[in-house]
Amino acid sequence: IVGPMQHHSNYVTWRESGLLVVDCPTVGGKGEDVDVPALERLLDEHARGEGPRYTAWTAASNVTGYAPPMSEVYRACKRRGYRVFVDYASSAPYLKVDVNERGGEVDA
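Residues numbered from 1 in each chain as written. Predicted model: local features only at pLDDT ≥ 70, side-chain atom pairs only at ≥ 80, totals over all residues. Heavy atoms only, no water.

## Details of the pairing of strand 4 (residues 83-87)
Our working rule: Accessibility here uses a 1.4 Å probe with only protein chains present; expressed as a share of the type maximum, an area under 20% marks a residue as buried, one over 50% as exposed, and anything in between as partly exposed. Numbering goes from the N terminus for both helices and strands, where a helix is a DSSP run of H or I of at least four residues and a strand is a run of E of at least two. DSSP calls a pair of strands paired once it identifies at least 2 bridges connecting them.
Burial along strand 4 is one-sided: the residues Val 84 and Val 86 are buried and none of Arg 83, Phe 85 and Asp 87 is. When strand 3 (residues 54-58) meets strand 4, the two strands line up parallel, connected through five bridges. Its bridge partner being in strand 4, Ala 56 is matched across the sheet by Phe 85.

## A word on the packing of helix 2 (residues 36-47) against helix 3 (residues 70-79)
The condition is simple: Convention adopted: a line fitted to C-alpha atoms gives each axis, helices being fitted over their contacting stretch, and angles between N-to-C directions are expressed from 0 to 180 degrees. Put simply, angles under 35 degrees are roughly parallel, angles over 145 are roughly antiparallel, angles from 65 to 115 are roughly perpendicular, and the rest are oblique. Handedness of a helix crossing follows the sense of rotation of the near helix relative to the far helix, less than a right angle counterclockwise being left-handed and clockwise being right-handed. It only takes one pair of heavy atoms within 4.5 Å for two residues to be counted as in contact. Classes in brief: Ala, Val, Leu, Ile, Met, Phe, Trp, Tyr, Cys and Pro nonpolar; Asp, Glu, Lys and Arg charged; the others, Gly included, polar.
Where helix 2 contacts helix 3, the axes come no closer than 10 Å and their chain directions differ by 20 degrees. With respect to each other, helix 2 and helix 3 are oriented roughly parallel. Every pair of crossing elements has a handedness; the one defined by helix 2 and helix 3 is right-handed. Side by side, helix 2 and helix 3 meet where Val 36, Leu 39, Glu 40 and Leu 43 of the first sit next to Glu 72, Val 73, Ala 76, Cys 77 and Arg 79 of the second. Here the contact of helix 2 with helix 3 is built from residues that sort into six nonpolar, no polar and three charged.

## Thoughts on the pattern of salt bridges
Pairing between side chains of opposite charge can happen when the charged atoms of each approach one another. Put simply, the test is: We count a salt bridge whenever a side-chain nitrogen from Lys or Arg sits within 4 Å of a carboxyl oxygen from Asp or Glu.
A complete count under the given rule lists two salt bridges for this structure. The partner of Glu 40 in a salt bridge is Arg 79, and the shortest N-O contact between them spans 3.3 Å. A residue pair is termed long-range when its members are at least 10 positions apart, and Glu 40 in helix 2 and Arg 79 in helix 3 qualify at 39 residues. On the basis of relative accessible area, Glu 40 is assigned to the partly exposed category, the value being 24%. Close ionic contact of Arg 80 with Asp 44 constitutes a salt bridge, the shortest N to O distance being 2.5 Å. One end of the pair, Arg 80, is in the loop between helix 3 and strand 4; the other, Asp 44, is in helix 2, and 36 residues separate them in sequence.

## So, a nonpolar patch on the surface
Stated formally: Patch building starts from residues that exceed 30% relative accessible area and form no salt bridge, then joins like charges within 9 Å and nonpolar side chains (Val, Leu, Ile, Met, Phe, Trp, Tyr) within 5 Å. Each accessible area value is a Shrake-Rupley result obtained with a 1.4 Å probe; residue values ignore everything except the protein chains displayed when judging cover.
Taken together, the side chains of Tyr 94, Leu 95 and Val 97 make up a nonpolar region of the molecular surface, amounting to roughly 320 Å² of accessible area. With respect to the element layout, Tyr 94 can be found in the segment after strand 4.

## Some thoughts on helix 3
What counts, and what does not: Along the arc lie the directions from the helix axis toward the C-beta atoms.
If you check which residues of helix 3 are buried, you get Met 70, Val 73, Tyr 74, Ala 76 and Cys 77. The buried residues of helix 3 occupy one face: seen down the axis, they fall within an arc of 165 degrees. The elements touched by buried residues of helix 3 are strand 2 (33-34), helix 2, strand 3 and strand 4. Immediately beyond the C-terminal end of helix 3, within one or two residues, lies Gly 81, with a positive phi of roughly 85 degrees.

In structure tokens, the structure reads:
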């Protein structure tokens, strides 16, 4: 499952991996606001399948500045056994990045 603001290079990499890639549901007019309840349903649906379960997110858009609710997203994913990958490249200068904040379980 990929977040709504993936950089093209990250998105294409997942697509070319041979894994099933599913876009995160969004709400609002901008198409970037994560619909957390719909995401949880999607996570549940795909958690029943075989194989690895990954999610990839961009911590903040380098165009709009929008930052998804990563704490909520992270908890929803980890509760269901997903690995969580977050791209902080454009947001690290502006956001607090503490991989130990969540018990050191951030995957990347």
